[in-house]
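# Per-entry structural report
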Amino acid sequence: MRTFVLLIIATSLFCPAFAQGRKIVVDTTAVVAVKKRPAIKFEIREHRFDTISISRNPKREHTFTFTNTGDADLHILQVASGCGCTTPKYTKKPIKPGKKGSIKVEYDATGRRPGYFRKSVTVYSNDPTSYVRLFVEGIMVE
């Protein structure tokens, strides 16, 4: 009896479409527009400096290189450092698909204590996946 009631309910739901001569058609030839997106890809995300002498040569820099692997222009919106001892400089012009850009990170150990350090800079772009964090690290000595 229960099966019979379910069959009647199902038939009543689908009958109006068939009773009016309508056909349910699925269009498999429709072209779906795909939005073009940039994509940032770094060659490396971490750099280890040699030992840094605080008294003789406290400044070091490293350039991180990236490629726009997407199919739209990539814009670097902001590069934020984790502290005042790291200063980022970056490509301000749009990077075309397949082209490269760079972010130079300068670390200044002046006035810092000896020992291990690991500092970060965060790269914000129009890549919809997320931000990217880059790291510089090393050991400071007197």
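Everything in this summary refers to the structure shown in the same document.

Criteria and thresholds
Residues numbered from 1 in each chain as written. Predicted model: local features only at pLDDT ≥ 70, side-chain atom pairs only at ≥ 80, totals over all residues. Heavy atoms only, no water. Salt bridge = Lys/Arg side-chain N within 4 Å of Asp/Glu carboxyl O. Helix = DSSP H or I, 4+ residues; strand = E, 2+ residues; numbered from the N terminus. Buried < 20%, exposed > 50% of the residue type's maximum accessible area, 1.4 Å probe, protein only.

## A short note on the pattern of salt bridges
Taken as a whole and judged by the stated rule, the model has six salt bridges. For Glu61, the salt bridge identified is with Lys104, shortest N-O distance 3.9 Å. Within this pair, whereas Glu61 is found in strand β4 (residues 59-68), its partner Lys104 is found in strand β7 (residues 100-108), the two being separated by 43 residues in sequence. You can call Glu61 partly exposed: its relative accessible area is 47%. The salt bridge partner of Glu137 is Arg118, with a shortest N-O separation of 3.3 Å. Of this pair, Glu137 sits in strand β9 (residues 132-141) while Arg118 sits in strand β8 (residues 115-125), placing them 19 residues apart in sequence. Residues joined by salt bridges that share partners form a network here, namely Glu46, Arg48, Arg118 and Glu137.

In short, shape yes, function no, at least from these values alone.
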